[in-house]
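Close look at the chain arrangement
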Amino acid sequence: KTIDCTTDNMTKAIEDGYNHLVLNGTCKANLMITPVGGYLESFFPNSKPIYALTLEGGLEGVWDNTDSGIQASALFKGTLFIKNLSVKQTIYLNNNSVLFTDNVTLEKLSVLSGSSVDINNSTVKCDSSIDNDCVYLEDGGTLDMRKVTLTMDGDGEAVRVMRNSTAEIKESNINRTSNGEVLAVQYNSSLQLEDTNVTAASGEAFIGFNGYLNLNGGSIIRTSGTPTVRVLGPSIFHVSNSGIVADIECDGKLVYL
């Protein structure tokens, strides 16, 4: 169904059973995409159970948050596919949810509890209003990014991978313009950077507590200060395929390079 955001109700179209919306203009809606009803409706009162949803940008398509209440959308065991669309709100994924994107602009992502995100040919931009991590994975979250430009201007890491989570970033650019860590890989988690360039204004890439970071080609650069990469044991930093890193600090025992 094609939605004219100036006259049509995006949420009503979903309630009517449409699961593929083409957005013309700026639509404002905070959604819960889930097959599960019950208590979740108290947080998202306009939502009804839905297994999967496709949001596609039409003429200058933008998916924005509402002017009041919860300023984000969430997936709880649901699936969301976004293409050719600008997203101006945080998306939270929980309990084995799935997000696919292609040719989109995104803001903050939080990927928890076995959920997964696949981002292709896109832009992720967290401005100075973001007060925590731009892309955050925890408790078995997975991330696959290819041909993505990620810019972090706020506080927190550009990418943080925590507690048994995994991420693979290919042919991409990660740039942190504000001070602070650019990457963090911790607690039995792993991050592979393949032909990806990471630049931090004044902050390190941190690997700790059984973290694993593989720089396969590409580079990690810090424009001010040291270290560029800090490895806190027990952890592993693996550089291959002519990957470039300025300096490395090993902190504690059982650090492997």
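Right above here is the structure, for reference.
Just so it is clear, the model here is predicted, and its values are computed rather than measured.

The next thing to look at is the overall build of the chain. Within the chain, the regular secondary structure consists of one helix and 30 strands. Taking 257 residues into account, the globule formula puts the C-alpha radius of gyration at 18 Å, and the chain, at 19 Å, falls close to it. Considering only C-alpha atoms, the chain reaches an extent of 60 × 35 × 30 Å along its principal axes. Put simply, of all contacts in the chain between residues at least 6 apart along the chain, 48% involve residues at least 24 apart. Counting 18 positive and 30 negative side-chain charges, the chain places the centres of these two groups 2 Å from one another.

This part takes up the pairing of strand 7 (residues 72–76). Judged by how many residues are buried, strand 7 sits mostly within the fold: five of five residues are covered. Here strand 7 shows no split at all, with Ala72, Ala74 and Phe76 on one side and Ser73 and Leu75 on the other all buried. Inspection of the sheet shows strand 4 (residues 32–33) paired to strand 7 by two bridges, in the parallel sense. Directly across from Met32, in strand 7, lies its bridge partner Ala74.

Scanning all chains against the criterion turns up two disulfides. Each sulfur in the disulfide pair Cys126 and Cys134 lies 2.1 Å from the other. Disulfide Cys126-Cys134: torsion about the S-S bond near 80°, hence right-handed. Take Cys126 and Cys134: they sit in the same class, and that class is buried. Cysteine pairing for the chain (bonded cysteines numbered in sequence order): 1-2, 3-4.

We now examine the environment of Val62. Within the element layout of this structure, Val62 appears in strand 6 (residues 62–64). Measuring from C-alpha to C-alpha, the distance between Val62 and Asn84 comes to 9.4 Å, with 22 residues separating the pair along the chain. Not counting chain neighbours up to four residues away, the residues in contact with Val62 comprise Leu23, Gly25, Thr26, Cys27, Leu85, Ser86 and Lys88.

Definitions and limits used
- Residues numbered from 1 in each chain as written.
- Predicted model: local features only at pLDDT ≥ 70, side-chain atom pairs only at ≥ 80, totals over all residues.
- Heavy atoms only, no water.
- Helix = DSSP H or I, 4+ residues; strand = E, 2+ residues; numbered from the N terminus.
- Rg over C-alpha atoms; globule rule 2.2 N^0.38 Å.
- Contact = heavy atoms within 4.5 Å.
- Lys, Arg positive; Asp, Glu negative; His and termini not counted.
- Charge placed at Lys NZ, Arg CZ, Asp CG, Glu CD.
- Buried < 20%, exposed > 50% of the residue type's maximum accessible area, 1.4 Å probe, protein only.
- Pairing = 2+ DSSP bridges.
- Disulfide = S-S within 2.5 Å.

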